[in-house]
Amino acid sequence: MKKTILTLLSILLITLSFACQSSDTSEATTETTLSREEILNESKEAFDERMEWWRDAKFGLFIHWGPYAVPAGVHNGERITSTTGEWIMNGAQIPVEEYEEYARQFNPTKYDADDWVRIAKDAGMKYIIITSKHHDGFALWGSEVGNYNSVDFAEIGKDLLDELKEAADKHDIKLGFYYSIMDWHHPDAQAPHYPTYNTSEKTNSNFDEYVENYMTPQVRELVEEYEPAVLWFDGEWIPEWTHEHAVDMYTMLRQMDPEMIINNRVDVGRQGMQGMNEEGGEFVGDFGTPEQEILESTSDFDWEACMTMNDTWGYKSYDDNWKPSENLIFNLVDVAAKGGNYLLNVGPTAEGLIPEVSVERLSDMGDWMDINSEAIYETERLQNHFREGESIRYTKKKAESTYYGIIFEEPTGTIQFSYLQPDEGSDVMLLGYEDPLNWEFNEENGLSIQIPAEIRNAENLSTAWVFKINGSEIK
Ligand code: H79
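Residues numbered from 1 in each chain as written. Predicted model: local features only at pLDDT ≥ 70, side-chain atom pairs only at ≥ 80, totals over all residues.

## Quick look at the site of the ligand
Every residue near the ligand is listed here: His64, Thr84, Glu86, Trp87, Asp234, Trp237, Gly272, Met273, Glu291, Cys306 and Trp313. Partitioning the shell around the ligand into residue classes produces five nonpolar, three polar and three charged. (Near = placed C-beta within 6 Å. Nonpolar A, V, L, I, M, F, W, Y, C, P; charged D, E, K, R; others polar.)

Listed below in structure tokens is the structure:
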């Protein structure tokens, strides 16, 4: 009897120890929490690997959406022209309780996340960044932290990020969240600074309570519930926000998700609207954020230019200063040639519709991308030249000897690319045109390509003509 009990016991022990071992190994493979040290001393190889999908993507959709779409740039019958749509609370000096009325009324019954995602996909975009919370403090999801959100406070009574996450997953597009550090609604943040919420003259001595009990739990919710690929901070210039806050936030996020990509506005190194960090400083953040501008040249630090199609981020009923599609396509190419990403904004209405004028432009970009996207995706900038004059830009396929010369004037006769040499006997192609083109090369002038007359009437070719060359970069 004793022997049987002993045998049973030992079997039990062995089984138990096996069970523990196997659960140990599975934990080790699924949950590797990085240490603070590891995060702050990430190797170049690890960083390159983490940034790969983002660098390859090149083109994303920015969405500014919230209660500010309700006034749409008009308060008490007055057009607020001094600020962009999403800044109306500050620009029109609206008290918190009065602005809350707009949040109450927010009822986007025509919102169709699937439609939004399809619009982005059709344009050739690979990721979406949406304002989970802008400076006005209103959250677009059913946050458990407070009640100033689309589920608890607004007429719509719905989680608006949930649907977008589902649609993004379904259509295989990455989703990331904009989150404003500055918060004009929270009493421990900038609400008491009324009538000028955005000020460097005042600080809120309770700000750390807001960071600890509101902002951090909200950001944690976003990561836990929607697994965003990117966190895009903003409003970091307020005097209350410090480098120490930034390091805590950055490391927390990377510990929650080691793959997470976070913009440089999490920290305090950004130099104005040009968006890149101060030289020589040690800042956390994975990429620079030029706003409403494109870098003059290239940079060794990753960057993404965020830009609007008219003059506002959040919807404004009367802003019709729309850039032509050609201009937006030029920007996309110019940014790619300089090694950056292009994050192009739409401001949906309070009903939940992306303005038709924006959809038309995105569709035009999609038409161009249908033919030419290989000159954009998975490309990098050339070693020495990203441009030639005003109307030529260059890109290069990553890890391949394929080069693209992109020209913004309808090519006629012979065109010249001074910095490219095709491999001997290789084909030079115009994307969207079937036949190889006649070309010759000499040291002095570089590559000359003969343009067949019939491409001028080719309906599918317009705006920016892309020549594809297998060869090498010269000079
Ligand atoms: O969300 C959109 C805008 O509402 C927001 N960023 C984009 C993506 C935005 N915030 N501020 N601005 C646009 C313009 C304000 C610039 C200033 Fe400053 C803030 C001038 C002085 C303080 C930041 C810090 C720029 C220069 C110093």
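## What about the domain arrangement of the protein?
Per the domain assignment, the segments of the protein are domain 1 (44–377) and domain 2 (387–473). Centre-to-centre, using C-alpha coordinates, domain 1 lies 37 Å away from domain 2. Each partner contributes residues to the interface: domain 1 has 11 residues there, and domain 2 has 13 residues. Listing elements by their share of the side of domain 1 that touches domain 2, those giving two or more residues are helix 10 (325–337) and helix 11 (356–372). Of all the elements, helix 10 adds the most residues to the side of domain 1 that touches domain 2, at seven residues. Here the side of domain 1 that touches domain 2 is built from residues that sort into eight nonpolar, one polar and two charged. (Domains from an automatic or database assignment. Contact = placed C-beta atoms within 7 Å. Helix = DSSP H or I, 4+ residues; strand = E, 2+ residues; numbered from the N terminus.)

## Some details on the environment of tryptophan 184
Inspection of the secondary structure puts tryptophan 184 in the loop between strand 5 (174–180) and helix 8 (207–226). Take tryptophan 184: there are 25 C-beta atoms within 10 Å of it, and that puts it in the buried class. When the C-alpha positions of tryptophan 184 and histidine 135 are compared, they lie 5.9 Å apart, and in sequence the two are 49 residues distant. Excluding residues within four positions of it along the chain, tryptophan 184 makes contact with Met89, Asn90, His135, Asp136, Gly137, Gln190, Ala191 and Tyr197. (Buried ≥ 20, exposed ≤ 12 C-beta atoms within 10 Å, placed from the backbone.)

## Here we look at the environment of methionine 365
Considering the arrangement of structural elements, one finds methionine 365 in helix 11. C-beta crowding within 10 Å serves as the criterion here: with 24 such atoms nearby, methionine 365 is assigned to the buried category. Each C-alpha atom, one on methionine 365 and one on aspartate 48, is 28 Å from the other, the two residues being 317 residues apart in sequence. In this view, methionine 365 contacts Ala123, Gly124, Ser325, Leu328, Ile329 and Leu332; residues no more than four positions away in its chain are not counted.

## With respect to the nonpolar core
If you look at the biggest cluster of nonpolar residues, it comprises 126 residues, and the most contacted ones within it are Ile128, Ile129, Leu164 and Leu332. It is helix 8 that contributes the most residues to this core, eight residues altogether. Counting only domains with at least three residues in this core, you end up with domain 1 (44–377) and domain 2 (387–473). Aside from chain neighbours lying at most four places away, what touches isoleucine 128 is Gly60, Leu61, Ile63, Ala120, Ala168, Ile173 and Leu175. (Core = buried A, V, L, I, M, F, W, Y, C linked by C-beta atoms within 7 Å.)

## A few points about the packing of helix 6 (residues 113–123) against helix 7 (residues 160–170)
Packing of helix 6 against helix 7 brings their axes to within 8 Å, and their N-to-C directions diverge by 45 degrees. Considering the angle they form, helix 6 stands oblique to helix 7. Considering only the axes of helix 6 and helix 7, their crossing is right-handed. Residues Ala113, Asp114, Trp116 and Val117 of helix 6 form the contact with helix 7, whose participating residues are Glu163, Leu164, Glu166, Ala167 and Ala168. Within the contact of helix 6 with helix 7, the residues separate by chemical class into six nonpolar, no polar and three charged. (Axes fitted to C-alpha atoms, helices over the stretch in contact; angles between N-to-C directions. Parallel < 35°, antiparallel > 145°, perpendicular 65-115°, else oblique. Left-handed = near helix turned anticlockwise from the far one by under 90°.)

## Brief notes about the sheet that holds strand 17 (residues 439–442)
Hydrogen bonding along the main chain pairs the strands of a sheet, whether they run parallel or antiparallel. The strand order 14-18-17 describes an open sheet built from three strands, whose pairing is antiparallel. Looking at the sheet topology across the chains shown, the edges are occupied by strand 14 (414–417) and strand 17. Adjacent strand axes in the sheet meet at a mean angle of 20 degrees when their direction is disregarded. Examined bridge by bridge, strand 14 and strand 18 (residues 446–450) share four bridges and lie antiparallel to one another. Pairing of phenylalanine 417 across the sheet is with leucine 447, part of strand 18. (Pairing = 2+ DSSP bridges.)

## Concerning unusual backbone geometry
Negative phi is the rule for most residues except glycine; trans is the rule for most peptide bonds. Residues tyrosine 194 and proline 195 are joined by a peptide bond in cis, for which omega reads 10 degrees. Considering the arrangement of structural elements, one finds proline 195 in the loop between strand 5 and helix 8. The phi dihedral of alanine 72 is positive, around 50 degrees, even though this residue is not glycine. Relative to the elements of secondary structure, alanine 72 occurs in the loop between strand 1 (59–63) and strand 2 (74–75). Of note in the backbone geometry, glutamine 93 takes a positive phi value of approximately 50 degrees without being a glycine.

## What about the sheet that holds strand 5?
Judged by pairing direction, the sheet is parallel, and its seven strands sit side by side in the order 7-6-5-4-1-9-8 without closing on themselves. Two strands lie at the open edges of the sheet, namely strand 7 (261–262) and strand 8 (304–307), each paired on one side alone. Inspection of the sheet shows strand 1 paired to strand 9 (residues 341–346) by five bridges, in the parallel sense. Each residue of the ladder has a partner; that of isoleucine 63, found in strand 9, is valine 346.

## Some words on the confidence of the model for the protein
Residues with a pLDDT of 70 or more make up 93% of the protein, whose mean pLDDT is 94. When the criterion is pLDDT under 50, residues 1–29 qualifies, and its contacts beyond four places in sequence or with other chains add up to zero contacts. (pLDDT = per-residue confidence, 0-100.)

## Description of the pairing of strand 5
Among the seven residues that make up strand 5, six are buried, leaving the element largely enclosed by the rest of the structure. Judged from the six bridges that link them, strand 4 (residues 127–133) and strand 5 form a sheet pairing that is parallel. Within strand 5, the residue paired with isoleucine 130 across the bridge is phenylalanine 177. A crossover links strand 4 with its parallel partner strand 5, the connecting element being helix 7, and its sense is right-handed. Taken together, the five bridges between strand 5 and strand 6 (residues 230–234) define a ladder with parallel strand orientation. The partner of serine 180 across the bridge, within strand 6, is aspartate 234. With respect to chirality, the unit in which strand 5 leads through helix 8 into the neighbouring parallel strand 6 is right-handed. (Right-handed = clockwise from strand over helix to strand, strands pointing away.)

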